[in-house]
Amino acid sequence: SKDLFAQNKVTMINIWATTCGPCIQEMPELEKLNKEFQKKGGAIIGVVRDVPADNNMYLQEAQAIVKDTGVTFLNLKAWDSLEDDLEIVGTPTTYFVDSKGNLIGEPVLGAHLEVYKKQMEEYLSQAE
């Protein structure tokens, strides 16, 4: 829903999976980045690719990962048309969205904390 993005200048959407080692490894760092971004009008939202809206098979596993990594930012189940809406080649894949819910820039494939940070700062400065 577009309302999800309206409260932030820029939202970083990190698509991850319960079976993705690099995704899980970067989560504590994403939590730190989220706190940093929030001070500037940005936010991170996680989307668990292998926990679809209509299937809770991996939900407990995903919840345990979120808890174990200390993540407090919002994590959502994958919606039905996720794979159609976004071209997800692998996990993690990270997108940036403006306050109107429009994709901005290019997606980041793989776990690249420095790239997330650089892109978020660039998009936030353009959003002001």
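A.B. asks: Kindly report on the pattern of salt bridges, identifying the contributing residues and their values.
C.D. replies: In total, this model carries 4 salt bridges according to the counting rule given. Among the ionic pairs, Lys35 bridges to Glu31, the shortest N-O distance being 2.5 Å. Residue Lys35 and its partner Glu31 are located together in helix H2 (residues 21–38), separated by 4 residues, close to a single helical turn. The residue Lys40 makes a salt bridge to Glu121 at a minimum N-O spacing of 3.6 Å.

A.B. asks: I'd like a rundown of the packing of H2 against helix H5 (residues 113–127), residues and numbers included.
C.D. replies: Where H2 meets H5, the closest approach of the two axes is 11 Å, and the angle between their N-to-C directions is 15°. Our classification of the angle between H2 and H5 gives roughly parallel. The hand of the H2/H5 crossing is right-handed. The segment H2 lies against H5, with Glu26, Glu29, Leu30, Leu33, Glu36 and Phe37 engaging Leu113, Tyr116, Lys117, Met120 and Glu121. Of the residues that constitute the contact of H2 with H5, the class distribution is 6 nonpolar, no polar and 5 charged.

A.B. asks: Provide a residue-level description of the state of the cysteines, including the pertinent values.
C.D. replies: In this structure the tally under the stated criterion is 1 disulfide. Two residues, Cys20 and Cys23, share a disulfide whose sulfurs are 2.1 Å apart. Of note, the bridge from Cys20 to Cys23 carries an S-S torsion of about 80° and is right-handed in sense. Residue Cys20 is classed as buried on the basis of its relative accessible area of 6%.

A.B. asks: Residues and numbers for H2, please.
C.D. replies: Its 18 residues give H2 an end-to-end C-alpha distance of 26 Å, which sits within 8% of 26 Å, the value for a rise of 1.5 Å per residue. At Met27, H2 shows its maximal kink, close to 45°; a proline, Pro28, follows between one and four residues later. Buried residues belonging to H2 abut strand S1 (10–16), strand S2 (42–52), helix H3 (59–68) and H5.

A.B. asks: Before we move on, can you summarise the environment of Gln126 with the specific residues and values?
C.D. replies: Here Gln126 shows up in helix H5. Each C-alpha atom, one on Gln126 and one on Gly21, is 33 Å from the other, the two residues being 105 residues apart in sequence.

A.B. asks: Explain the nonpolar core residue by residue, including any values.
C.D. replies: Burial of nonpolar side chains together is a common tendency in soluble globular proteins. Within the largest apolar cluster, 24 residues are counted, with the highest numbers of intra-cluster contacts made by Met12, Trp16, Leu30, Ile44, Phe96 and Met120. Breaking this core down by element, the ones donating at least two residues are S1, H2, S2, H3 and H5. Tallying contributions element by element places H2 first for this core, with 5 residues. Counting 11 residues, the second-largest nonpolar core is a separate cluster that includes Ile13, Ala78, Leu86 and Val97.

A.B. asks: Describe in detail the sheet that holds strand S5 (residues 103–109), supporting the description with residues and values.
C.D. replies: Spatial strand order, S3-S2-S1-S4-S5: 5 strands in an open sheet with mixed pairing. What marks the edges here is a single partner per strand, and that holds for strand S3 (75–78) and S5. Across the sheet, the mean angle separating the axes of adjacent strands is 25° when strand polarity is ignored. The pairing of strand S4 (residues 93–98) with S5 spans 4 bridges and is antiparallel. From the neighbouring strand, Val97 faces S5, where its bridge partner is Leu103. Each of S1 and S2 touches H2; the most contacted strand, S2, lies at about 150° to it.

What counts and what doesn't
Residues numbered from 1 in each chain as written. Predicted model: local features only at pLDDT ≥ 70, side-chain atom pairs only at ≥ 80, totals over all residues. Heavy atoms only, no water. Salt bridge = Lys/Arg side-chain N within 4 Å of Asp/Glu carboxyl O. Helix = DSSP H or I, 4+ residues; strand = E, 2+ residues; numbered from the N terminus. Axes fitted to C-alpha atoms, helices over the stretch in contact; angles between N-to-C directions. Parallel < 35°, antiparallel > 145°, perpendicular 65-115°, else oblique. Left-handed = near helix turned anticlockwise from the far one by under 90°. Contact = heavy atoms within 4.5 Å. Nonpolar A, V, L, I, M, F, W, Y, C, P; charged D, E, K, R; others polar. Disulfide = S-S within 2.5 Å. Buried < 20%, exposed > 50% of the residue type's maximum accessible area, 1.4 Å probe, protein only. Expected span 1.5 Å × (residues − 1). Bend = angle between axes of the 7 residues up to and from the residue. Core = buried A, V, L, I, M, F, W, Y, C linked by side-chain atoms within 4.5 Å. Pairing = 2+ DSSP bridges.

Just geometry here; none of it tells us what the structure is for.
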